[in-house]
Amino acid sequence: GENVEQHPSTLSVQEGDSAVIKCTYSDSASNYFPWYKQELGKRPQLIIDIRSNVGEKKDQRIAVTLNKTAKHFSLHITETQPEDSAVYFCAARGKLIFGQGTTLQVKP
Amino acid sequence: KAGVTQTPRYLIKTRGQQVTLSCSPISGHRSVSWYQQTPGQGLQFLFEYFSETQRNKGNFPGRFSGRQFSNSRSEMNVSTLELGDSALYLCASSRWDNGGNTIYFGEGSWLTVV
């Protein structure tokens, strides 16, 4: 069945450093790839998304890249801040299947 | 514009009982999907409905079921509850069930089975 693999499961960086989270999907029909941020006790919130006809998208400190041939996409956060600490989920839509999540800790 | 609304927010049930959770999508959204979230297990896809039809289903036992009404509101039901069903159940809505339609989550329903 469809699957989304997300790595790493935990990531710890120093404030100001960059963080990269990678996802691989299996369903070649997937055409939409959102990223969600979930803070403790709160709902997942969309932070950025990319459609299959685009290779890269940037929004301030956040960027997402997509390689459809390799079926993988990545989230890049630059100049990390303590408030970036949360769990991040990638997803791929055919069905909307989520990765297992990455707990990002930004140390001040 | 009101967001995705889920009720109840918190509930406690006993093993063997059944539970019904409700989700009202954002106005104009016709796709509703349900997820189970447990610590360390991420977001597990339960099912997705569009225009009252189940479009996709995850790998959950038949005790988990759902439906969608003509006004796009959706309910999910879990029968014969087990301790392992304790989780946060999240509902998400989008305008369509395919393509790059932004998906919005509700606050979730916290279910505890004792």
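Refer to the structure above for everything that follows.
Residues numbered from 1 in each chain as written. Chains lettered and ligands numbered in written order. Predicted model: local features only at pLDDT ≥ 70, side-chain atom pairs only at ≥ 80, totals over all residues. Heavy atoms only, no water.

**Student:** Lay out the overall build of chain B with the relevant residues and their values.
**Tutor:** The helix and strand inventory of chain B stands at zero helices and 11 strands. Over its C-alpha atoms chain B spans a radius of gyration of 13 Å, differing by no more than 12% from the 13 Å that the globule rule assigns to 114 residues. Its C-alpha atoms give chain B principal-axis dimensions of about 40 × 30 × 25 Å. Of all intrachain contacts in chain B linking residues separated by at least 6 positions in sequence, the fraction that spans at least 24 positions is 54%. Summed over its atoms, the accessible surface of chain B is roughly 5200 Å², and 47% of this surface lies on carbon and sulfur atoms. Between the centroid of the 11 positive side chains of chain B and the centroid of its 7 negative side chains there is a distance of 3 Å. (Helix = DSSP H or I, 4+ residues; strand = E, 2+ residues; numbered from the N terminus. Rg over C-alpha atoms; globule rule 2.2 N^0.38 Å. Contact = heavy atoms within 4.5 Å. Areas by Shrake-Rupley, 256 points an atom, 1.4 Å probe, with all protein chains shown as cover. Lys, Arg positive; Asp, Glu negative; His and termini not counted. Charge placed at Lys NZ, Arg CZ, Asp CG, Glu CD.)

**Student:** If you had to explain the interface of chain A and chain B to someone new, which residues and values would you point to?
**Tutor:** The interface of chain A with chain B comprises 17 residues on the first partner and 27 residues on the second. Across the interface of chain A and chain B, roughly 1800 Å² is buried in total on both sides, 49% from carbon and sulfur atoms. Between the two partners, chain A and chain B, sit two salt bridges. Between B:Glu107 and A:Arg43 there is a salt bridge; the shortest N-O distance is 2.8 Å. Across the contact surface, chain A and chain B share seven residue pairs in polar contact (both at pLDDT 80 or more). Only β4 (32–38), β5 (45–51), β9 (86–93) and β10 (96–98) of chain A provide two or more residues apiece to the side of chain A that touches chain B. Split into classes, the residues belonging to the side of chain A that touches chain B amount to eight nonpolar, four polar and five charged. (Buried area = accessible area lost by both parts, 1.4 Å probe. Salt bridge = Lys/Arg side-chain N within 4 Å of Asp/Glu carboxyl O. Polar contact = N/O pair within 3.5 Å; in protein donor to acceptor, adjacent residues only side chain to side chain. Nonpolar A, V, L, I, M, F, W, Y, C, P; charged D, E, K, R; others polar.)

**Student:** Kindly report on the sheet that holds strand β6 (residues 56–59) of chain A, identifying the contributing residues and their values.
**Tutor:** All names here are of chain A. Pairing within the open sheet is antiparallel, and its five strands lie in the order β1-β3-β8-β7-β6. Every interior strand has two partners, whereas the edge strands, β1 (4–7) and β6, have only one. The sheet shows a mean angle of 15 degrees between the axes of neighbouring strands, direction not considered. Relative to strand β3 (residues 19–25), β1 runs antiparallel, the two sharing four bridges. (Pairing = 2+ DSSP bridges. Axes fitted to C-alpha atoms, helices over the stretch in contact; angles between N-to-C directions.)

**Student:** Give a detailed account of the sheet that holds strand β7 (residues 64–68) of chain B, specifying residues and quantitative values.
**Tutor:** All names here are of chain B. The strand order across the open sheet built from four strands is β1-β3-β8-β7, with neighbouring strands paired in antiparallel fashion. The open sheet has two edge strands, β1 (5–7) and β7, and neither has a second partner. Each adjacent strand pair in this sheet contributes to an overall mean axis angle of 15 degrees, direction not counted. The sheet contact formed by β1 and strand β3 (residues 19–24) spans three bridges and is antiparallel. What sits directly across from threonine 5, in β3, is serine 24.

**Student:** Before we move on, could you go through the side chain of B:Asn77 and cite the residues and values that matter?
**Tutor:** All names here are of chain B. Relative to the assigned elements, asparagine 77 resides in strand β8 (residues 74–78). Here the side chain of asparagine 77 touches valine 19 through a polar contact of 3.2 Å, landing on its backbone oxygen. What asparagine 77 contacts, discounting residues up to four positions off in sequence, is Gln18, Val19, Thr20, Arg63, Phe64 and Ser65.

**Student:** Let's hear about the packing of aromatic side chains: which residues, and what values?
**Tutor:** Aromatic rings in a pair are described by how distant their centres are and how their planes are angled relative to each other. Scanning the entire structure with this criterion turns up 13 aromatic pairs over all chains. When the centroid spacing of 5.6 Å and the interplanar angle of 70 degrees are considered together, the rings of A:Trp35 and A:Phe73 count as edge-to-face. With A:Trp35 in strand β4 and A:Phe73 in strand β8 (residues 72–77), this pair connects stretches of sequence that are 38 residues apart. For A:Trp35, a relative accessible area of 0% corresponds to the buried category. The interplanar angle of 50 degrees and the centroid separation of 5.8 Å between the aromatic rings of B:Tyr35 and B:Phe105 together place this pair among those described as tilted. Taken together, the residues B:Tyr35 in strand β4 (residues 31–38) and B:Phe105 in strand β10 (residues 104–105) connect sequence positions 70 residues apart. Taken together, the ring pairs in this structure connect A:Tyr36, A:Phe89, A:Phe98, B:Tyr35, B:Phe45 and B:Phe105 into an aromatic cluster. (Phe/Tyr/Trp six-rings, centres within 6.5 Å; stacked < 30°, edge-to-face > 60°. Buried < 20%, exposed > 50% of the residue type's maximum accessible area, 1.4 Å probe, protein only.)

**Student:** Can you break down the environment of B:Phe60 residue by residue, with the values?
**Tutor:** With respect to the helices and strands, the residue B:Phe60 is situated in the loop between β6 (53–57) and β7. In this structure B:Phe60 touches B:Gln36, B:Gln44, B:Phe45 and B:Leu46, once residues within four positions along its chain are discounted.

**Student:** Outline the state of the cysteines, listing residues and values.
**Tutor:** All names here are of chain A. In total, this model carries two disulfides over all chains according to the counting rule given. The disulfide partner of cysteine 23 is cysteine 90, and the S-S distance across this bridge is 1.9 Å. Note on the cysteine 23 and cysteine 90 pair: the S-S dihedral is about -100 degrees, so by sign convention the disulfide is left-handed. On the criterion of sequence distance, the pair formed by cysteine 23 in strand β3 and cysteine 90 in strand β9 is long-range, its members being 67 residues apart. Of the two residues, cysteine 23 and cysteine 90, neither departs from the other in class, the shared state being buried. (Disulfide = S-S within 2.5 Å.)

Don't take any of this as a statement about function, it's just geometry.
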